[in-house]
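# What the coordinates show
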Amino acid sequence: MSTLVPPPPMLFNPRDDAMSLYRAFKGFGCDTPTVINILSHRDATQRALIQQEYRNLKGEELTKRLSSELKGDTKNAVLLWLYDPAGRDATIVKQTFLGNTVDLQCLTEVICSRTPSQIQTFKHIYYSRYYVQLEQDIERYTTGDHKKLLLAYVSVPRYEGPEVDRLMAEQDAQALYKAGEKKIGTDEKTFIQILSGRSRAHMAAVCHAYRSKYGKSLVKAIKSETSGKFLFGLLTIVRCAENPGKFFAKELYKSMKGLGTNEATLTRIVVTRAEIDMYYLKAEYHKKYKKTLADAIHSETSGNYRTFLLSLVGS
């Protein structure tokens, strides 16, 4: 459930918004609060229409103008927000490959937390925009079991419905136990095959069956048997199968924990989840950490960046 509440449809006029944005850019400096107030309260379809109107009116891309008018974390957050969800995921994933070092944590989070349909959509955009298959970049920039997991997860078709074969779930739980806790060493291939090939509903049933049969959570078993980014990928799949809101609440908490804030992670999760499940994410955050997500963001950020994030998070 999204917390983004756009104005009633009859009040939305993309041409008026485009003109208001243009006026916010005129003169000395930028009227950033106006920019934030407009864009943070528009959904993906409305944002696309605003960009089209701005292009028609001014003959330039709104993203290009915003890039020159805004600064720092505010600019990064607003520009990321302007994308449609699939285009945003394609952009985020590609950017993980472009730095001096590959951001494997970000890459793994985005891929392993998305549904099969989301992955297929952003894979098409990825290829049309960058002229390379996503699998080719994964093959080039990742290694070992982590690479095998990501390649399987973006390639294997998975059912997305709620129906579950309970007997098969119990068999999978047993196979995972035999591949991990029961043997010396770990059969990583079995973990990859099951976790990359089953639906979320099925994986939730596997988690339940594992705990019931062996008295230990599958999450704890994975932690004891694997490590590194391979471990993070497996945990992301399992936790998003059980409760994606809880998974992202934890990642947000980690981004703000201790000295300093990981603004890249904070921005990415708030922006990408605002129109999907922010309502549940906030509930899980408050339940786990006894503090509202809005209060946490307020204490860790400032200025226009804070205002923008809080607008997406909602009350």
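Here the residue index of a chain counts from 1 through its sequence in written order. Where local features are concerned, this predicted model is filtered to residues with pLDDT of at least 70; where side-chain atom pairs are given and counted, the filter is 80 or more; whole-chain, interface and lining totals use all residues. Only hydrogens and water are set aside when side-chain values are computed; all heavy atoms of the structure are taken into account.

Identification of the protein chain as Annexin from Papaver somniferum is taken from an unreviewed UniProt entry. UniProt positions are given in the numbering used here, feature names are shortened, and annotations may be inferred rather than shown by experiment. Per UniProt, the protein chain has the following entry under Sequence similarities (unreviewed entry): "Belongs to the annexin family."

### Digging into the overall build of the protein chain
The helix and strand labels rest on DSSP assignments: H or I over at least four residues marks a helix, E over at least two residues marks a strand, and numbering proceeds from the N terminus. Looking only at helices and strands, the protein chain has 20 helices and 0 strands in total. The globule rule used here is 2.2 Å times the number of residues to the 0.38 power, and the radius of gyration it is set against is calculated over C-alpha atoms. Its C-alpha atoms give the protein chain a radius of gyration of 21 Å, near enough to 20 Å, the size a compact globule of 315 residues would have. Here the C-alpha coordinates of the protein chain stretch approximately 70 × 45 × 40 Å along the principal axes. In the protein chain, which comprises 315 residues, the proportion classed as buried is 48%. We call two residues contacting when some pair of their heavy atoms lies within 4.5 Å. Across the protein chain, every contact between residues at least 6 apart in sequence was considered, and the portion connecting residues at least 24 apart equals 68%. Summing over all exposed atoms, the protein chain offers an accessible surface of approximately 15,400 Å²; the carbon and sulfur share of this is 51%. The averaged location of the 34 negative side-chain charges in the protein chain is 3 Å from the averaged location of its 46 positive side-chain charges. To sort residues, take the accessible area from a 1.4 Å probe on protein chains only and compare it with the maximum for the residue type: under 20% means buried, over 50% means exposed, and anything in between is partly exposed. Calculation of accessible area relied on Shrake-Rupley with a 1.4 Å probe; when residues are assessed, cover is drawn exclusively from the protein chains displayed. For the purpose of counting charges, residues Lys and Arg are taken to be positive, whereas Asp and Glu are taken to be negative. His and the chain ends are not included. Charged side chains are reduced to one point each, which is NZ for Lys, CZ for Arg, CG for Asp and CD for Glu.

### Section: the nonpolar core
As used here, the term nonpolar core means buried Ala, Val, Leu, Ile, Met, Phe, Trp, Tyr and Cys residues forming a set that is joined through side-chain atoms within 4.5 Å. Residues Leu39 and Leu66 are the most contacted members of the largest nonpolar core, which totals 92 residues. When near neighbours in sequence (up to four residues on either side) are disregarded, Leu66 contacts Phe25, Val35, Leu39, Lys75, Val78, Leu79 and Leu82.

### Quick notes on the domain arrangement of the protein chain
Along its sequence, the protein chain is organised into domain 1 (9–70), domain 2 (85–155), domain 3 (166–242) and domain 4 (244–313). As annotated, the domain borders come from an automatic or database domain assignment. Of note, the centres of domain 1 and domain 3, computed from C-alpha atoms alone, are 46 Å apart.

### As for the state of the cysteines
Working definition: a disulfide is two cysteine sulfur atoms within 2.5 Å of each other. Taken as a whole, this structure holds 0 disulfides when the rule is applied. The thiol sulfur of Cys106 is not disulfide-bonded, and the nearest other cysteine sulfur, from Cys112, lies at 12 Å. For Cys106, a relative accessible area of 5% puts it in the buried group.

### Observations concerning the layout of surface pockets
Rolled over the atoms, a probe with the dimensions of a water molecule shows which regions are left empty. Here the largest pocket defines a volume of roughly 420 Å³. Every definition here rests on a 1 Å grid over the protein atoms only: cavities are sets of points where a 1.4 Å probe fits but cannot get out, pockets are open sets enclosed by protein on both sides within 12 Å along at least five of seven lines, and lining residues have some atom within 4 Å of a point. Lining of the largest pocket is provided by 16 residues; of these, Asn76, Leu80, Ile92, Gln95 and Ala264 occupy positions nearest its centre. Mapped by element, the contributors of at least two residues to the lining of the largest pocket are helix 5 (72–82), helix 6 (85–98) and helix 17 (263–273). Residue classes follow a fixed rule: Ala, Val, Leu, Ile, Met, Phe, Trp, Tyr, Cys and Pro count as nonpolar, while Asp, Glu, Lys and Arg count as charged, and any other residue, Gly among them, counts as polar. For the lining of the largest pocket, the per-class residue count stands at 6 nonpolar, 6 polar and 4 charged. When residues of the lining of the largest pocket are sorted by domain, at least three fall in each of domain 2 (85–155) and domain 4 (244–313). Its volume calculated, the second largest pocket comes out at about 290 Å³. Lining the second largest pocket are Val219, Arg239, Glu242, Asn243, Lys246, Phe247, Ala249, Lys250, Glu284, Lys288 and Tyr289. Only helix 15 (228–242), helix 16 (244–256) and helix 18 (278–289) provide two or more residues apiece to the lining of the second largest pocket. For the lining of the second largest pocket, the leading source of residues is helix 16, giving 4 residues. Grouping the amino acids of the lining of the second largest pocket by side-chain chemistry returns 4 nonpolar, 1 polar and 6 charged. Grid points are joined across faces, edges and corners, and a volume is the space filled by probe spheres set on the points.

### Notes on the pattern of salt bridges
Each reported salt bridge corresponds to a side-chain nitrogen of Lys or Arg within 4 Å of a carboxyl oxygen of Asp or Glu. If you walk through the whole model with that rule in mind, you get 15 salt bridges. In this structure, Glu139 engages Lys147 in a salt bridge whose closest nitrogen and oxygen atoms are separated by 3.1 Å. For Asp172, the salt bridge identified is with Arg198, shortest N-O distance 2.7 Å. A residue pair is termed long-range when its members are at least 10 positions apart, and Asp172 in helix 11 (residues 166–179) and Arg198 in the loop between helix 12 (188–197) and helix 13 (200–214) qualify at 26 residues. Neither residue differs from the other here; Asp172 and Arg198 are each classed as buried. Each member of the salt-bridge network shares a partner with another, and the members are Glu60, Arg65 and Glu69.

### Looking at the side chain of Thr265
Position of Thr265 relative to the elements: it lies in helix 17. Note on Thr265: relative accessible area 13%, which makes it buried. Apart from residues lying up to four places away in sequence, Thr265 is in contact with Glu251 and Ser255.

### As for empty space enclosed by the protein
Per the stated rule, a full pass over the model turns up 1 cavity of 30 Å³ or more. Each pocket or cavity is described by its volume, and for the largest cavity that value is around 30 Å³. Residues belonging to the lining of the largest cavity are distributed by class as follows: 4 nonpolar, 1 polar and 2 charged.

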